[in-house]
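# Secondary and tertiary structure notes
Here is what each chain is made of, one letter per residue.
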Amino acid sequence: MNKATVVSGIRPTGYLHLGNYFGAVQNFLRMQEDFNCYFFIADVHSLTTHPTPDNLQAGVKQVLAEYLACGIDPEKSTIFIQSDVPEITELYTILNMNAYLGELERTTSFKDKARKQPENVNAGLLTYPVLMASDILIHKAHFVPVGKDQEQNLEMARKFGKRFNRMYKSEVFPIPKPFTFDGADLIKVPGLDGSGKMGKSEGNAINLFDTEKDIRKKVMRAVTDSGPTEPNSEKPEAIQNLFTLMKIVSEPAVIEQFETAYNQCEIRYGDMKKQLAEDIIKVTLPIRERIVDILDDNEHLAKVARMGAEKARESALKTLKEVKELVGFRKLY
Ligand code: TYM
């Protein structure tokens, strides 16, 4: 039986952080065993924030090394760099013709970015969800493993896929679904600054590449308060975030111990943070060591990128050919 197809990507704008790892990469690792997977580095998307050429190049190499260090296996999955597959941007041009200003302007991620970088509200930001739809639809993906923050972009990809199928009376695109194992909700890994999600641009991230010292320092600086005064009180957001992180990395007995201490107003946040830092380090340190080794092996990185580009282009070309035929780009010669 044919395996279902999976597509997902990460922007190369720095190091992978715990949000990327637990929101996306962990699912990639499990999915690569049973699905036909395409995992890529979204360098074209990165251009929306105007990185320098050197930073972009370094970011691409870093994420590639990090994918491999996490255990994504280039023999099982297709790992590729988005700009190596020009068919994606060709499909993006075609899909842009059926994407409307109103719906693009209403996208939360566009509104957020427009607020955060008012000096650079470019057309690429506006049509970001169309490029993302192209990434997904070009390989006819059935499933897309992403974190909660990508839910709306994925909804747009579904919309653009359905719209194209309807306009051209075809079923060229399967309609992709968000994916988690066992029907779990898409996750949001919180930051350490007492508000919102962990993110590269939020400056609140713990990276897989951070040293033990960095991690201890970042966790010890996490926002807390003076502690509960009533037994079993509700947790303020900053405290809830610490517990959420702990649920992701620590053993159930450890979580239980701190929950009980909180409920009995005996919690010592210093102890909790020390424990949390050690449990994070347990996950990240072996990965960091592998990243360092892999980054040293340019030949291997080049081989993986070349192999991925070839496999991804083969799949992309097939879809693009069908799409061009459907829209009426038929050769006169
Ligand atoms: P990006 O690069 O911001 O993040 C990559 C992946 O990590 C997940 N993630 C999180 N999950 C949980 N908690 C967090 N705090 C957290 N932070 C990040 C994201 O949900 C994502 O799965 N537009 C995408 C990249 C992209 C893409 C695609 C993804 C481009 N084309 C096609 C899937 C399919 C982005 O900027 O993700």
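Residues numbered from 1 in each chain as written. Predicted model: local features only at pLDDT ≥ 70, side-chain atom pairs only at ≥ 80, totals over all residues. Heavy atoms only, no water.

In the annotation of an unreviewed UniProt entry, the chain is listed under the name Tryptophan--tRNA ligase and assigned to Sunxiuqinia elliptica. In its Subcellular location (unreviewed entry) section, UniProt records this for the chain: "Cytoplasm". What the UniProt record of the chain gives under Sequence similarities (unreviewed entry) is the line "Belongs to the class-I aminoacyl-tRNA synthetase family." (UniProt positions renumbered as here; feature names shortened; annotations may be inferred.)

Moving on, we come to the overall build of the chain. A count of helices and strands for the chain gives 14 helices and 5 strands. Expected size for 333 residues packed as a compact globule is a radius of gyration near 20 Å; at 21 Å, the chain falls within 12% of this value. Projected onto its principal axes, the C-alpha coordinates of the chain cover approximately 80 × 45 × 45 Å. Burial status across the chain gives 50% buried among its 333 residues. With 44 positive and 46 negative side-chain charges, the chain shows a spacing of 5 Å between the two charge centroids. (Helix = DSSP H or I, 4+ residues; strand = E, 2+ residues; numbered from the N terminus. Rg over C-alpha atoms; globule rule 2.2 N^0.38 Å. Buried < 20%, exposed > 50% of the residue type's maximum accessible area, 1.4 Å probe, protein only. Lys, Arg positive; Asp, Glu negative; His and termini not counted. Charge placed at Lys NZ, Arg CZ, Asp CG, Glu CD.)

Glancing now at the layout of surface pockets. The space that makes up the largest pocket amounts to roughly 1000 Å³. Every residue lining the largest pocket is counted, 43 residues in all, and those nearest its centre are Arg11, Asp149, Gln150, Asn153 and Lys197. Of all the elements in the fold, those that place two or more residues in the lining of the largest pocket are β1 (5-10), α1 (18-31), α6 (108-116), α8 (128-137) and α9 (151-167). With 6 residues, the single largest contributor to the lining of the largest pocket is α6. For the lining of the largest pocket, the residue count by class is 17 nonpolar, 15 polar and 11 charged. (1 Å grid on protein atoms, 1.4 Å probe; cavity = no way out; pocket = protein on both sides within 12 Å on 5 of 7 lines; lining within 4 Å. Points joined across faces, edges and corners; volume = space filled by probe spheres on them. Nonpolar A, V, L, I, M, F, W, Y, C, P; charged D, E, K, R; others polar.)

Neighbouring the ligand are 27 residues; Arg11, Tyr128, Asp135, Asp149 and Val189 lie closest to it. Contact between the ligand and arginine 11: an oxygen atom at 2.6 Å from a side-chain N or O atom of the residue. Glycine 19 is positioned with one of its backbone polar atoms (N or O) 3.2 Å from a nitrogen atom of the ligand. Relative to its free-state accessible area of 700 Å², the ligand is covered by the protein chains to the extent of 99%. Among the cavities detected, the one that contains the ligand is the largest pocket. (Near = heavy atom within 4 Å. Polar contact = N/O pair within 3.5 Å; in protein donor to acceptor, adjacent residues only side chain to side chain. Areas by Shrake-Rupley, 256 points an atom, 1.4 Å probe, with all protein chains shown as cover. Sits in = over half its atoms within 2 Å of the grid points.)

Here helix α3 (residues 53-70) crosses helix α14 (residues 298-327) at 85°, and the two axes come no closer than 11 Å. Relative to α14, α3 is oriented roughly perpendicular. Taking contact as the criterion, the partners of Lys61, Leu64, Ala65 and Leu68 in α3 are, on α14, Asn298, His300, Leu301, Val304 and Ala305. Residues belonging to the contact of α3 with α14 are distributed by class as follows: 6 nonpolar, 2 polar and 1 charged. (Axes fitted to C-alpha atoms, helices over the stretch in contact; angles between N-to-C directions. Parallel < 35°, antiparallel > 145°, perpendicular 65-115°, else oblique. Contact = heavy atoms within 4.5 Å.)

Mapped onto the elements of the fold, histidine 45 is located in helix α2 (residues 43-46). Setting aside anything within four residues of it in sequence, one finds histidine 45 in contact with Arg11, Gln82, Tyr128, Leu131, Met132 and Asp135.

So, on to the packing of α3 against helix α13 (residues 269-295). For the pair α3 and α13, the least separation of the axes is 8 Å and the interaxial angle reads 125°. When the interaxial angle is binned, α3 and α13 end up oblique. The handedness of the crossing between α3 and α13 comes out as right-handed. Counting all contacts with α3, which are made through Lys61, Gln62, Ala65, Glu66, Leu68, Ala69 and Cys70, the residues of α13 involved are Ile287, Arg290, Ile291, Ile294 and Leu295. Residue composition of the contact of α3 with α13, by class: 8 nonpolar, 1 polar and 3 charged. (Left-handed = near helix turned anticlockwise from the far one by under 90°.)

Turning to the pairing of β1, a few remarks are in order. β1 sits mainly inside the fold: 5 of its 6 residues count as buried. In this sheet, strand β2 (residues 36-41) lies alongside β1 in parallel orientation, the contact comprising 6 bridges. Within β2, the residue paired with valine 6 across the bridge is cysteine 37. Where the polypeptide runs from β1 across α1 and back to β2, its parallel neighbour, the crossover connection is right-handed. (Pairing = 2+ DSSP bridges. Right-handed = clockwise from strand over helix to strand, strands pointing away.)

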